[in-house]
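# Remarks on the overall topology
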Amino acid sequence: MDAKSRNCLLQHKEALEKDIKTPYIMDHMVGDGILTTLEEEEVRNEPTQQKRAALLIKMILKKDNYCYISFYNALLLEGYKDLAALLQDGIPVVSSSSDKDSVGGITTYVRTVLCEGGVPQRPVVFVTRKKLVNAIQQKLFRLNGEPGWVTIYGMAGCGKSVLAAEAVRDHSLLEDCFPSGVHWVSVGKQDKSGLLMKLQNLCARLDQDESFSQRLPLNIEEAKDRLRILMLRKYPRSLLILDDVWDPWVLKAFDNQCQILLTTRDKSVTDSVMGPKYVVPVESGLGKEKGLEILSLFVNVKKADLPEQAHSIIKECKGSPLVVSLIGALLRDFPNRWDYYLRQLQNKQFKRIRKSSSYDYEALDEAMSISVEMLREDIKDYYTDLSILQKDVKVPTKVLCILWDMETEEVEDILQEFVNKSLLFCDRNGKSFHYYLHDLQVDFLTEKNRSQLQELCALMFSLDWIKAKTELVGPAHLIHEFMEYRHILDKKDCAVCENFQEFLSLNGHLLGRQPFPNIVQLGLCEPETSEVYQQAKLQAKQEVDNGMLYLEWINKKNIKNLSRLVVRPHTDAVYHACFSQDGQRIASCGADKTLQVFKAETGEKLLEIKAHEDEVLCCAFSADDSFIATCSVDKKVKIWNSVTGELVHTYDEHSEQVNCCHFTNRSHHLLLATGSSDFLLKLWDLNQKECRNTMFGHTNSVNHCRFSPDDKLLASCSADGTLKLWDVKSANEKKSINVKQFFLNSEDPQEDMEVIVKCCSWSADGARIMVAAKNKIFLWNIDSCLKVADCRGHLSWVHGVMFSPDGSSFLTSSDDQTIRLWETKKVCKNYDIVLKQEVDVVFQENGVMVLAVDNIRRLQLINGKTGQIDYLTEAQVSCCCLSPHHQYIAFGDEDGAIEILELLNNRIFQSRIRHKKAVRHIQFTADGKTVISSSDDSAIQVWNWQSEEYVFLQAHQETVKNFRLLKNSRLLSWSFDGTVKVWNIITGRMEKDFICHHGTVLSCDISLDATKFSSTSADKTAKIWSFELLSPLHELRGHTGCVRCSAFSVDSTLLATGDDNGEVRVWNVSNGELLHLCAPITEEGATTHGGWVTDLCFSPDSKMLVSAGGYLKWWNVVTGESSQTFYTNGTNLKKIHVSTDFRTFVTVDNLGILYILQILE
């Protein structure tokens, strides 16, 4: 080895030893003949990666320049670009005259040049065609170092590519004419994007040290210029080989003063380019003698001894080299089938490829079909699977092991059958195998499957199909189909398949409800890169033209979805869900008294059992997955066969409802633990009819129990606020933990603490425990007692949590009738700050500004258009608002203080007089000089913060619910005391006192003409008032729940009211007559609004109405029918902020997710 090369290697030895992984590097070096298999084995025997790398470099230092080059190339091929750059300066100059290691007449120099240039190897059965090879070489010599074109043309399958590769497999040609190397590019039939990719790859290969540019060219013109500079400056005397060129326009991208050899079936492709041109025609088939020579080599007999049928086969297939080699490979395995294969060719009974392709392969389709037909029945489908392979890509055995779910040896046996019949090609690098198809074989398989695949994809990837099928059978069947057919799709369709599968997995609980949701609107909530979104957008735009309403969620890119699957198997609250030990199944139970078993990947139902006479509170798989235990309010514990659903045992020793059950984690000694409202824990042996042990210690109901991973401990949590650990062997209490301490920083009131902890689950390593708290889930590190993450997604109380066996995911079940499957890593990474529902919104001409309080009570100012967030203060903020000209922010805190922040310089003004309790509402007057606030106390404070003057409005007997500013320094307030009052905010005098309702006044709205106001109440009525009269104009009766909100239309002729049953009613203001009843109860007994209606707003023309509740709904006021529904991730929306043009809507759900929606135009 040259001294320079040796020094370079020694200089960077430490970096190389630290980073490289030797197995794949050695594969390349063994393939180059540089390393022996014994040396490879010696390296592999070293104990650590670093020692293996050190020994490999030690071996390289003892070898020659070729070894250095082979090592350098291996680094590049395996992606160690930075390390290869370190060695670049040490690359030795290899003497081109050296014939060392000449194999089959090919020198090491030739092998190195061709390997670096990507020139294909010779086929296994190779018959030289010297006359054609010499003709090509003569044309190449005639280029004489000047730019020009040598074209090899002929019909498909005539061997053009083999001839091109053979022509440059010549030492003197490379040394004399192309000392800068040879670069092979497989072109094929390309569109512009495909050609650009080919050019980018070529530029990257030629500029591996990135000396010209560190980024890839962005368009074909730029790529052409880059290629021209690279060829002129770095490879001035090199040959560019373009294989399988179809279109003349493609050549223009390579027309840049290069020496080019190309293969094509169209002689005229070079008409579009300039420079000297030389043509070498290749006959459509081999001559008779050459064809017979190939057959003789395959069947291993002398040419003269071949049967008569051999001559007929050559004649019938027109001497196609590929057809001859395919038939020859078949005859090698079945030497007595000459008549059979000849008859198959003569009958021409197979569908010809050229009928569905622009290729004209003549007899190729017959030969290919024969080869595939003659495969064993049990491996034919595996060959069809190879249609997923891409051209020019060599696939390692490991990929096909994964595809077919088989052992390496099984896969290699099947692939060898294909290789033997010339249906597949194999490269061996050291001990590893890489497989690839000839382009013609890829085309054959693709065309064979194309019509079926296109039909399948067109059907599967259609929102209309999803809607139709989901309405009939539910989402689980569709998810299963996406998984089943995914392996036969190409890369692009696979990504589309993932989009649709994720869409179904996360929206399945919505798609199973009635009335069926608008699937286009659901699709518009998907990421903009998703095919689901793109289809929905296209369909929505067409329907918008016909008057349909759709909403775009413009800030959705900032939202991360942590769930992996959401299913709705029960018709009532789900109390528990658990994985089988193999992670393939999920069992769930709930208030509908059933036990459900379904597939974990798709949600497909496997079992449904009417398990108990009352609500089923818990279920558990046994360690071997043979049994499922259930326990119920009926005080019984039952054991079921998990496959057949047969009842195996019934236990009834508990005296109160049984809340939880759990099997030991090991099957050699199976025990079941149960916990009950009788304060007791019991251990059961399935081989005994009676309880084995009873554990005393809890002073209230036992809510949950779990064995530790090693089965030595049993954890139980109770309504007494403790988590206890029990020794399983002795049944004695070992430790008692006060769980409440983990929640001291919770945002929930302290008085709720005793009911927070519902359940717990150990991680597989025992390092983490998961706890459910109301509608949230917390992950805790056991050793440090630190919270790792929390996740929100359920709309109601969470009753059960459970890790999967490998800890990669976990299940949660809830009162909202859903079961969610979460990815643990995603949840831990996305322990995010979320928003509270108290927000102020300012609509601007070109965007939206949102002022919000987050869950740690900080103020955030969010630009709705860009997503930029400014964190303004860290006070314990309880409410906030922006001043009219957006110069100031006013906010109240939990301690009753009022502060004003000047945005320009962050200066803070503080009120000297506090409220006695937390501030709940705050608002600037129109001039921005005065701030009005109300609190949990009964007073309203009017603070002129510039003059430091205070006015207090005190007359309400209970907490002020809210207030609204009127004209002429007047203010309207309403309270829990059932009254509405009008105040003069300058004098503090109460001017009018309306005794409105017997219950709390929940909301008021003021007509635009300021002559009337409405009031709604917990007494289930709404009233319309005139400011001039102390008695109501109309009392609106008919609601059966608390009337929580009301809104006047812009023209003051209509009033909309919403109640806690999800009903929206529209009334005539002049006579109090009911015009429309919206959101009736569904067949399932749930409201179509998903909960309380909390806010309403009319459009400027009074023809549309938007309502907030469990989600958002838009109504046609004229007909009273729903125009659109937007399902938020969470629920319990408190308010909807609407722009004056009724095109932009802002709300926050109970998960803290911000929604900025715009009507699609």
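Figured I'd write up the structure that's included with this text.

Thresholds, definitions, all that
For every chain, the first residue of the written sequence is number 1, and numbering continues from 1 onward in sequence order. A pLDDT threshold of at least 70 governs which residues receive local features in this predicted model, and a stricter bar of 80 or more applies before side-chain atom pairs are shown or counted, although totals over entire chains, interfaces and linings include all residues. Each side-chain value is worked out from all heavy atoms of the structure, with water and hydrogens disregarded. Each helix corresponds to a stretch of at least 4 residues labelled H or I by DSSP, and each strand to a stretch of at least 2 residues labelled E; elements are numbered beginning at the N terminus. Residue contacts are counted whenever heavy atoms from the two residues lie within 4.5 Å of one another. Using a 1.4 Å probe, accessible areas were evaluated by the Shrake-Rupley method; residue-level cover was limited to the displayed protein chains. With a 1.4 Å probe rolled over the protein chains alone, any residue whose accessible area is under 20% of its type maximum counts as buried; one over 50% counts as exposed, and the rest are partly exposed. Throughout, the arc means that of the directions going from the helix axis to the C-beta atoms. Axes here refer to lines fitted to C-alpha atoms; in helices the fit is confined to the stretch in contact. Angles between the N-to-C directions go from 0 to 180 degrees. Gly is placed with the polar residues, together with every amino acid not listed as nonpolar (Ala, Val, Leu, Ile, Met, Phe, Trp, Tyr, Cys and Pro) or charged (Asp, Glu, Lys and Arg). Strands qualify as paired when DSSP identifies two bridges or more between them. Patch construction takes residues with relative accessible area above 30% that form no salt bridge. Like charges are linked within 9 Å, and nonpolar side chains (Val, Leu, Ile, Met, Phe, Trp, Tyr) are linked within 5 Å. Basic side-chain nitrogens of Lys or Arg form a salt bridge, by our definition, when they fall within 4 Å of a carboxyl oxygen of Asp or Glu. Positive charge is attributed to Lys and Arg, negative charge to Asp and Glu, and no charge count is given to His or to the chain ends. Where a charge lies is defined by one atom per residue type, namely NZ (Lys), CZ (Arg), CG (Asp) and CD (Glu). The criterion for an aromatic pair is that two Phe, Tyr or Trp rings (for Trp, the six-membered ring) have centres within 6.5 Å, with stacked assigned to planes under 30 degrees apart, edge-to-face to planes over 60 apart and tilted to the rest.

Along its length, the chain carries 29 helices and 64 strands. Counting only contacts in the chain whose residues sit at least 6 apart along the sequence, the fraction spanning at least 24 positions is 51%. Surface accessibility of the chain: about 51,200 Å² in total, with carbon and sulfur atoms responsible for 48%.

This paragraph deals with helix H4 (residues 37-44). Buried within H4 are the following residues: Glu39, Glu40 and Val43. Down the axis, H4 shows its buried residues gathered within 100° of arc, on one side only.

Another aspect to go through is the packing of H4 against helix H5 (residues 49-61). Close contact between H4 and H5 brings their axes to 8 Å; oriented N to C, the two are set at 150°. Contact with H4, carried on its side by Glu39, Glu42, Val43 and Arg44, involves Arg52, Leu55, Leu56 and Met59 of H5 and no other residues of that element. Classifying every residue of the contact of H4 with H5 by side-chain character gives 4 nonpolar, no polar and 4 charged.

What follows is about the pairing of strand E42 (residues 919-924). Inspection of the sheet shows E42 paired to strand E43 (residues 930-935) by 5 bridges, in the antiparallel sense. Bridge pairing in E43 links Val919 to Ser935. Once E42 ends, the chain turns through 5 residues before running back antiparallel as E43, passing Gly928 with a positive phi of about 75°.

Along helix H16 (residues 308-316), the residues classified as buried are Gln309, Ala310, Ile313 and Ile314. The buried side chains of H16 occupy one side of the element, clustering within an arc of 145° when seen end-on. Along H16, the residues that are exposed and aim more than 90 degrees away from the buried face are Glu308 and Lys315.

A separate point is the pairing of strand E25 (residues 722-727). In terms of burial, E25 is a largely internal element, 5 of the 6 residues being buried. Note that strand E24 (residues 713-718) and E25 share 5 bridges and pair antiparallel. Residue pairing across strands places Ser716 opposite Lys724, the latter belonging to E25. Connecting the antiparallel pair E24 and E25 is a turn made up of 3 residues, with Gly721 showing a positive phi of about 85°.

A surface patch of like charges, here negative, comprises Asp405, Glu407, Glu409, Glu410 and Asp413. In this structure, Asp405 sits in the loop between helix H21 (397-404) and helix H22 (408-420).

Counted according to the given criterion, the structure contains 25 salt bridges. Glu40 is the partner of Arg44 in a salt bridge, and the nearest nitrogen-oxygen pair spans 2.9 Å. On the criterion of helical spacing, the pair formed by Arg44 and Glu40 is a turn pair, its members being 4 residues apart in helix H4. Look at Arg44 and you get partly exposed, because its relative accessible area is 31%. We classify Glu40 as buried; its relative accessible area is 0%. The partner of Glu604 in a salt bridge is Lys599, with the nearest N and O atoms 3.4 Å apart. A relative accessible area of 17% means that Glu604 is categorised as buried. For Lys599, a relative accessible area of 29% puts it in the partly exposed group.

Right, let's talk about the sheet that holds strand E9 (residues 551-553) for a bit. Strands sit in the order E9-E64-E63-E62 across an open sheet of 4 strands; the sheet is antiparallel. Edge positions in the open sheet fall to E9 and strand E62 (1137-1138), since each of these has one partner strand only. Bridging between E62 and strand E63 (residues 1144-1148) involves 2 bridges; their strand directions are antiparallel. If you follow His1137 over to E63, its bridge partner there is Val1146.

Let us now look at unusual backbone geometry. Of note in this structure, Ala731 is not a glycine but carries a positive phi near 65°. Within the fold, Ala731 resides in the loop between E25 and strand E26 (733-738). You will see that Ser1052, though not glycine, has its phi angle at about 65°, which is positive. Its place among the elements puts Ser1052 in the loop between strand E54 (1043-1048) and strand E55 (1054-1059).

This paragraph deals with the packing of aromatic side chains. Applying the stated criterion across every chain, the model contains 17 aromatic pairs. Here Tyr651 and Trp684 contribute two aromatic rings whose centre-to-centre distance is 4.6 Å and whose plane-to-plane angle is 20°, an arrangement assigned as stacked. Of this pair, Tyr651 sits in strand E18 (residues 647-651) while Trp684 sits in strand E21 (residues 681-685), and the two are 33 residues apart along the sequence. Across the pair, Trp684 and Tyr651 agree in class, each one buried. Aromatic pair Phe909 and Trp945: ring centres 5.1 Å apart, planes at 55°, arrangement tilted. You can see Phe909 sitting in strand E41 (residues 907-910) and its partner Trp945 sitting in the loop between strand E44 (940-944) and strand E45 (949-953), a full 36 residues away along the chain. Residue classification places Trp945 among the buried residues on the basis of a relative accessible area of 5%.

As a further point, take the sheet that holds strand E40 (residues 898-902). Paired through backbone hydrogen bonds, the strands of a sheet run either parallel or antiparallel to each other. Pairing is antiparallel in the open sheet, where 4 strands are placed in the order E38-E39-E40-E41. Edge positions in the open sheet fall to strand E38 (877-882) and E41, since each of these has one partner strand only. The average undirected angle you get between the axes of adjacent strands in this sheet is 25°. Here E38 runs beside strand E39 (residues 888-893); their pairing, made up of 5 bridges, is antiparallel. Within the sheet, the bridge partner assigned to Val877 lies in E39 and is Asp893.

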